[in-house]
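Topology and contacts: notes
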Amino acid sequence: MAVARESINVEVESRTDTGKNACRRIRAAGKIPANVYGMGLAPFAVAVNPRAIDDVLKMGSGRNTIFRLSLAGGKETRDVMLREMQRDPVSDKLIHVDFARVDLSKPITVSVPVQLVGEAEGVKNEGGIMDFVQRTILVSCLPLEIPDQVSVDVSELHLNQNLAVKDLEFGEGITVLDDPASIVAVVVASRAEIAEEAVAEEEEEEGAEEPEVAGKGKEAEGEKQQEENSSE
């Protein structure tokens, strides 16, 4: 399913004051500082209500949502998407965002999330576990053709089998930029199974060494007996 341009409109206020003190004042007023850039136009600073950003992120397309941005009191809107977001490391609250202008007629580069569908045969019946290696795929396409996600069926995977980027299916007009050979998901042996195999290998090695040790022991006894006989 491709991303549609959401009808949501995010209103921002232009700001001229920059710097840490200005940003603190903006946050104290219940908003967060932001920047708008892209398409070869001059960037400019704005302030936005963080709840509006949360509304965008709740859309099915998440960070890849194309939406409209408008200046408070103005009638013009601009198609944009979220590019950078900063959160407080303690509270996880948004503290800064960047909006990128979008030209709907030109391809853009975005990361699309991968969804694994089904339970792998190697997990269900062979004692393995699923290692989800690559959770997003880098693609290039028109803004309104961005997939919400790419789904891949893993039910036929056996132990030690994998799916790579080349196994994923995208619609027409979407160019995959990641290495086709990159592993997306693989069924691997569980840690318990690996530990059991390691113990079994150690036991085999110890068993192979015992006859050699026993032989050396008999050889030593024979040499000792010869020494006793010669001394007599």
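This structure is a prediction, so every number in the text was calculated from the model and none was measured.

Size it by volume and the largest pocket reaches roughly 230 Å³. Considering the residues around the largest pocket, the lining is formed by V12, V36, F44, L69, S70, L71, G74, K75, E76, T77, R78 and R101. Going through the elements one at a time, β4 (66–71) and β5 (77–87) are the ones with two or more residues in the lining of the largest pocket. Among the residues making up the lining of the largest pocket, the classes are represented as five nonpolar, three polar and four charged.

One pass over the structure, following the stated rule, counts one aromatic pair. On the basis of an interplanar angle of 75 degrees and a centroid distance of 6.1 Å, the ring pair of F67 and F99 is categorised as edge-to-face. Remark: F99 occurs in strand β6 (residues 94–101) and F67 occurs in strand β4; sequence separation between them is 32 residues. For the pair shown, F67 and F99 are each scored as buried.

Mapped onto the elements, S140 comes out in strand β9 (residues 136–141). In this structure, S140 is in contact with P107, I108, T109, G173, I174, T175 and L177, ignoring residues within four places of it in sequence.

So, on to the sheet that holds strand β7 (residues 108–117). Taken in spatial order, the four strands line up as β10-β7-β9-β12 in an open sheet, and their pairing is mixed. The open sheet has two free edges, formed respectively by β10 (150–153) and β12 (175–176), since each of these has just one partner strand. As paired strands, β7 and β9 are joined by six bridges and run antiparallel to one another. Directly across from V110, in β9, lies its bridge partner V139.

Right, let's get into the pattern of salt bridges. Pairs can form between side chains of opposite charge once their charged atoms are near each other. Going through the model one piece at a time under the given rule, you end up with two salt bridges. Notably, a salt bridge pairs K31 with E13, separated by 2.3 Å at the nearest N-O pair. One end of the pair, K31, is in the loop between α1 (20–28) and β2 (32–38); the other, E13, is in strand β1 (residues 5–14), and 18 residues separate them in sequence. Here E13 falls in the partly exposed class, since its relative accessible area comes to 37%. The partner of R25 in a salt bridge is D17, and the shortest N-O contact between them spans 4.0 Å.

Tracing the chain through its elements places H96 in strand β6. Relative accessible area serves as the criterion here: at 13%, H96 is assigned to the buried category. Residues H96 and K31, 65 residues apart in the sequence, show an inter-C-alpha distance of 9.4 Å. In contact with H96, other than residues within four places in its own chain, are R15, I32, P33, A34, N35, E84, M85 and Q86. Side-chain polar atoms of H96 contact the side chain of N35, separated by 3.4 Å.

Among all positions of α1, only A22, C23 and I26 are buried. Along the long axis of α1, the arc covered by the buried residues comes to 100 degrees, so they all point the same way. Exposed residues pointing more than 90 degrees away from the buried face of α1 are listed as K20, N21, R24, R25 and A28. Where α1 terminates, the next one or two residues include G30, which has phi positive at roughly 90 degrees.

Among the nonpolar cores identified, the biggest contains 23 residues, and V110, V114, I137, I146, L168 and V184 are the most heavily contacted of them. Elements with a minimum of two residues in this core: β7, β9, β10 and β13 (183–189). Looking at which element gives the most residues to this core, the answer is β7, with four residues. Residues within four places of V110 in sequence aside, it is in contact with N64, M81, R83, I137, L138, V139 and I146.

Listed as buried for helix α2 (residues 50–57) are P50, A52, I53 and V56. In a view along the axis of α2, the buried residues occupy a sector of 155 degrees, so they form one face of it. N-cap assignment for α2: the residue whose side-chain oxygen lies 2.9 Å from the backbone N of R51 is N49.

Conventions used here
- Residues numbered from 1 in each chain as written.
- Predicted model: local features only at pLDDT ≥ 70, side-chain atom pairs only at ≥ 80, totals over all residues.
- Heavy atoms only, no water.
- 1 Å grid on protein atoms, 1.4 Å probe; cavity = no way out; pocket = protein on both sides within 12 Å on 5 of 7 lines; lining within 4 Å.
- Points joined across faces, edges and corners; volume = space filled by probe spheres on them.
- Helix = DSSP H or I, 4+ residues; strand = E, 2+ residues; numbered from the N terminus.
- Nonpolar A, V, L, I, M, F, W, Y, C, P; charged D, E, K, R; others polar.
- Phe/Tyr/Trp six-rings, centres within 6.5 Å; stacked < 30°, edge-to-face > 60°.
- Buried < 20%, exposed > 50% of the residue type's maximum accessible area, 1.4 Å probe, protein only.
- Contact = heavy atoms within 4.5 Å.
- Pairing = 2+ DSSP bridges.
- Salt bridge = Lys/Arg side-chain N within 4 Å of Asp/Glu carboxyl O.
- Polar contact = N/O pair within 3.5 Å; in protein donor to acceptor, adjacent residues only side chain to side chain.
- Arc of directions from axis to C-beta.
- Core = buried A, V, L, I, M, F, W, Y, C linked by side-chain atoms within 4.5 Å.

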